[in-house]
Every structure is written in C-alpha cells, then in structure tokens.
Amino acid sequence: MVRIAREAGCSVGTTTNGTLITEEVARRLAEELDVVGISVDGVTAAIYESIRQGAKFNQVIKGVRQLAAAKREMRNDGYPLVSLLFLKNRRNIHELPDMVDLAAELGADEVIASNLTYIANPAFDSFRVYSLNGASPEYLAIIEEARKRAKERALGLRIYPIEPKRVGFCEARPFDALHVTWDGFITPCVYLTLPVKGETMAKVHEGESFRIPFTRFGNLKESEMLDIWNSEAYRMFRGPFEERREICKGAHFGMTDDGGFDEILLEMFTAVGRCPLPDVCYGCYKALGI
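Just so it is clear, the structure is predicted and the values come from calculations on it, not from any experiment. Residue positions are given per chain, counting from 1 as you read along its sequence in written order. In view of the model being predicted, local features appear only for residues whose pLDDT reaches at least 70, and side-chain atom pairs are presented and counted only at 80 or more, with totals across whole chains, interfaces and linings using the full set of residues. Note that water and hydrogens are dropped before the side-chain values are worked out from all heavy atoms of the structure.

Draft legend 1. Up close: the sheet that holds strand β1 (residues 13-16). Here a strand pair is declared whenever DSSP counts at least two bridges between the two strands. A run of DSSP states H or I qualifies as a helix once it reaches four residues; a run of E qualifies as a strand once it reaches two. Both are numbered from the N-terminal end. Across the sheet, which stays open at both edges, the 5 strands sit in the order β1-β2-β3-β4-β5 with parallel pairing between neighbours. Only two strands of the sheet have a single neighbouring strand rather than two, namely β1 and β5 (156-159). Each adjacent strand pair in this sheet contributes to an overall mean axis angle of 20°, direction not counted. Relative to strand β2 (residues 35-39), β1 runs parallel, the two being bridged by 4 bridges. Bridging from a neighbouring strand, T16 pairs with I38 of β2. Helix α5 (residues 96-106) contacts β3 (81-88), β4 (110-115) and β5 of the sheet and is inclined by roughly 160° relative to β3. Axis definition: a line fitted to C-alpha atoms, over the contacting stretch in the case of helices. Angles run 0 to 180 degrees between N-to-C directions. In this description, contact between two residues means that some pair of their heavy atoms is separated by no more than 4.5 Å.

The structure is reproduced here in structure tokens:
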C-alpha cells in the first residue's frame, strides 16, 4: 500500500505503538516512509506501562533507537520524520519535559503532545488535563519547561493547548480532507465513525454523556471517491467549514513548532461563531483548538 501511494505522488506516514519495531522493521520504515509517529506516553517504565498495558517500555525505546539509526544510515534527505507521540493525561503530564530530553537523546525529530480529546466512558473523564474553565497553573508551568528544553535542544515540539483557543475550524480541515475507514466508508474525520458496534457512538463532554450517530457519506466499494465527495449531503456538511475558512482568509492559526499556539484575531473569531458547525460536531474539543 505504501508503494502504491508513493507511486501516485503521495507522502506517506504511519503511527504505531512501536512494539513490533525490530532492526529489520526499522530499516523498512526508514526506507519507505516520510513520517513515523511512535506513541511513547511516558519516560519511565512504571508510567508508560500503566498507560500502555501489555507493552514493554524498554522494547519500545529500543525500537525508536533502531529507527533513528536506520534513518541516519539509509537516508540523507532528513526523512522519515520521527515523531514521539505523547498523550497528555494526569498520570504522565509531569514527565513531559523529560520526554523532550528523551526524544533528543534517542535521535527523534519532534515531540507531539496531544490531549485525550475523545472520551467515550465517563470513568476516563478525570484523566484529561485540559479544562474549558482555564488551564491549571501547574500544568502550564510544566508545558513552559518543556518548551524551554525543546528550544535548548533544537527539537521540534507541538503541544495541544489545555484550554480553549480562538480557532476558525478544527485541524481535521474537512473542507479539503477526508477519512477512509478500514471497510471503505468515507467520513469527514476519525472521530465521526469509530470502530464500535451499533448505530451510534458514546461521547462525554464536560461530564455530560450522550450519543452521536455515525457520519458517513458513502462507501468506496459502491461509489467513486469524487462522487461521494461531491454528493449533496457531503457538500452541505462541509458548508459551515468552508464559510469559516473564507472568513479566516488564510490567516495562520494553530500549533507552532516551539510548542506554542497562534490564535485568529478576535474579530475573525466572532465572525466564524455566526457559522454554527454541524450538530454531530457538538462536544468536539478539536473545534476548540484542544
């Protein structure tokens, strides 16, 4: 599949938990891919293995080293970009600055510190570190220390905010991107068609539990992608996002390479608020920049 995509002129990346990276796998990843993201949710075995149950911390770290070494040996174009993916939560956020140090020591190119943004079970709501009522000063200090260390080490760092930001639309950019499920369904983003049974998906937002319907606009087994993309239902879904994009007029907003975040101007933010998003996007923290 990677070769087919590359022959079509696509850049190709993958994300992995890293548990199956061996020296041979590392060489194939380094040779074939443009981006490799590896989930490493802690810098100690105790924290990492409590989150990634069944995985072994030392095994994953060895795999990252092997990938970085294979990249240096086999490529001279800076690829693949090796990203360590750190899912911020209350168990591990204190380790974020040390994750920056570990990434630099392993030869990775960047750390991406994301949030637990889709919560299906109320029991997990307490693990999130972000808040719509203002960020914790303790967590903000930890993030600032991580930014300081990344700058000292010249390491790329992207940190998702832990409080709402002025954004025009979500990073999924549904006006020019789509998601294809393993079984061929076309959907605007991964959060609108999770691989669960039933006709709806459970969702928790600020302690409120509710369900949303799957949002799909066709299947590649039955229709061509462009026919699905140009269908009336899909165009209507994209309408509010396209209106918001027009209001923003190409203004930059989003995460910066030093772990910060650029917001749109207040006037723009007020204007995009007059274009409500589709009902199925209610409760999506991505629409808040988180």
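Draft legend 2. Structural context of the side chain of N115. In this structure, N115 sits in strand β4. Residue classification places N115 among the buried positions, given a relative accessible area of 5%. A polar side-chain atom of N115 sits 2.9 Å from the main-chain carbonyl oxygen of I290. When residues no more than four places from it in sequence are discounted, the contact partners of N115 are L87, K88, V129, Y130, Y160, P161, I162 and I290. Three labels apply to residues, based on accessible area from a 1.4 Å probe with only protein chains included: buried if under 20% of the type maximum, exposed if over 50%, partly exposed otherwise in between. Under this definition, polar contacts are N or O atom pairs within 3.5 Å; protein pairs additionally need one hydrogen-donor-capable and one acceptor-capable atom, and for neighbouring residues in sequence, both atoms have to be side-chain atoms.

Draft legend 3. View of a nonpolar patch on the surface. Here the term patch refers to residues with relative accessible area over 30% and no salt bridge, with like charges joined within 9 Å and nonpolar side chains (Val, Leu, Ile, Met, Phe, Trp, Tyr) within 5 Å. Residue burial considers only the protein chains on display, and all accessible areas are found by Shrake-Rupley using a 1.4 Å probe. The term salt bridge refers to a pairing of a side-chain nitrogen on Lys or Arg with a carboxyl oxygen on Asp or Glu at a separation within 4 Å. Together, V180, L220 and M225 make up an exposed nonpolar region whose accessible area comes to about 210 Å². One can find M225 in helix α7 (residues 225-229).

Draft legend 4. A look at unusual backbone geometry. A cis geometry characterises the amide bond from Y79 onward to P80, with omega recorded as -5°. Phi angles above zero are rare outside glycine, and E206 is one such case at about 50°. The topology assignment puts E206 in the loop between β8 (200-205) and β9 (208-213). Of note, the phi angle at K249 is positive, near 50°, even though the residue is not glycine.

Draft legend 5. Structural view of the side chain of S83. Position of S83 relative to the elements: it lies in strand β3. Judged by its relative accessible area of 3%, S83 falls in the buried class. Once you skip the residues sitting within four places of it in the chain, S83 turns out to touch V36, G37, I38, E110 and I112.

Draft legend 6. Just the packing of aromatic side chains, in detail. Within 6.5 Å between ring centres, the rings of Phe, Tyr and Trp (the latter by its six-membered ring) count as paired, and their orientation is classed by plane angle as stacked under 30 degrees, edge-to-face over 60, tilted in between. Tallied over the entire structure, the rule returns 11 aromatic pairs. Taking 5.1 Å as the distance between ring centres and 70° as the angle between the ring planes, the aromatic pair formed by F169 and F253 counts as edge-to-face. Of the two residues, F169 is situated in the loop between β5 and β6 (179-180) and F253 in the loop between α8 (232-248) and β10 (254-255); the sequence distance between them amounts to 84 residues. Note on accessibility: F169 and F253 belong to one class, buried. An angle of 70° between the planes, with centres 5.2 Å apart, marks the rings of W229 and Y234 as edge-to-face. Taken as a pair, W229 and Y234 share a single burial class, namely buried. Grouping aromatic residues by their ring pairs yields a cluster made of F217, W229, Y234, F237 and F241. Lying over the aromatic face of Y234, R238 brings its terminal NZ or CZ to 4.8 Å of the ring centre. Any Lys NZ or Arg CZ found within 6 Å of a ring centre and within 35 degrees of that ring's normal is scored as a charge over the ring.

Geometry only, nothing functional implied.
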